[in-house]
Amino acid sequence: MAQNFSSAGISFSTKRSSVKLSLVLERWNFSAPSNALVVSFAWGAIPPITSVERQQSEGGISTFLLLSNGQLTTTVELLGSEEVDGASAPIGISCLGLSQLEIPIGAQIGRAHV
């Protein structure tokens, strides 16, 4: 059954086959840009991923399609904002090759405090 959530000012629904991951960090000082964290997600698939397509963001959600030679398509949806120290800020999501996403956490918040 689909569920509805809201985070960092973005409302979204999950599908029955979704995996929802939330990261909660406590007592991390984001007051300086050098205090940002980078979270990396790496994956492997059978058949192997042959291309990654980034779709146009809608409603604050970035969508990536992981394609495996036309045999398998995996959809990854990520919120385009984060909530840090009670404030919401956009995040940049980088796709590294065919097997990794990087998400900087707190980078925009740190810049805002400086």
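Residues numbered from 1 in each chain as written. Predicted model: local features only at pLDDT ≥ 70, side-chain atom pairs only at ≥ 80, totals over all residues. Heavy atoms only, no water.

Participant: Honestly, the nonpolar core in this entry has me stumped. Any pointers?
Facilitator: Among soluble globular proteins, nonpolar side chains are generally buried collectively. Core analysis: the biggest nonpolar cluster contains 9 residues, these being Ile-49, Phe-64, Leu-66, Val-76, Leu-78, Ile-91, Ile-93, Leu-101 and Ile-103. Of all the secondary structure elements, the ones that give two or more residues to this core are β5 (61-68), β6 (72-79) and β10 (100-105). Apart from residues lying up to four places away in sequence, Ile-49 is in contact with Trp-43, Leu-66, Leu-67, Ser-68 and Leu-98. (Core = buried A, V, L, I, M, F, W, Y, C linked by side-chain atoms within 4.5 Å. Buried < 20%, exposed > 50% of the residue type's maximum accessible area, 1.4 Å probe, protein only. Helix = DSSP H or I, 4+ residues; strand = E, 2+ residues; numbered from the N terminus. Contact = heavy atoms within 4.5 Å.)

Participant: Even after reading the chapter, I still don't get the packing of aromatic side chains, so can you show me in this structure?
Facilitator: Aromatic ring pairs are described here by two measures, namely the spacing of the ring centres and the angle between the planes. Evaluated as defined, the whole model comprises 1 aromatic pair. With a centroid separation of 5.7 Å and 25° between ring planes, the pair formed by Phe-5 and Phe-12 is classed as stacked. Residue Phe-12 is classed as buried on the basis of its relative accessible area, which comes to 15%. (Phe/Tyr/Trp six-rings, centres within 6.5 Å; stacked < 30°, edge-to-face > 60°.)

Participant: What am I meant to see in the environment of Ala-8 here?
Facilitator: With respect to the secondary-structure elements, Ala-8 resides in the loop between β1 (3-7) and β2 (10-14). You can call Ala-8 buried: its relative accessible area is 7%. Along the chain, Ala-8 and Ala-87 lie 79 residues apart, while their C-alpha atoms are 7.9 Å from each other.

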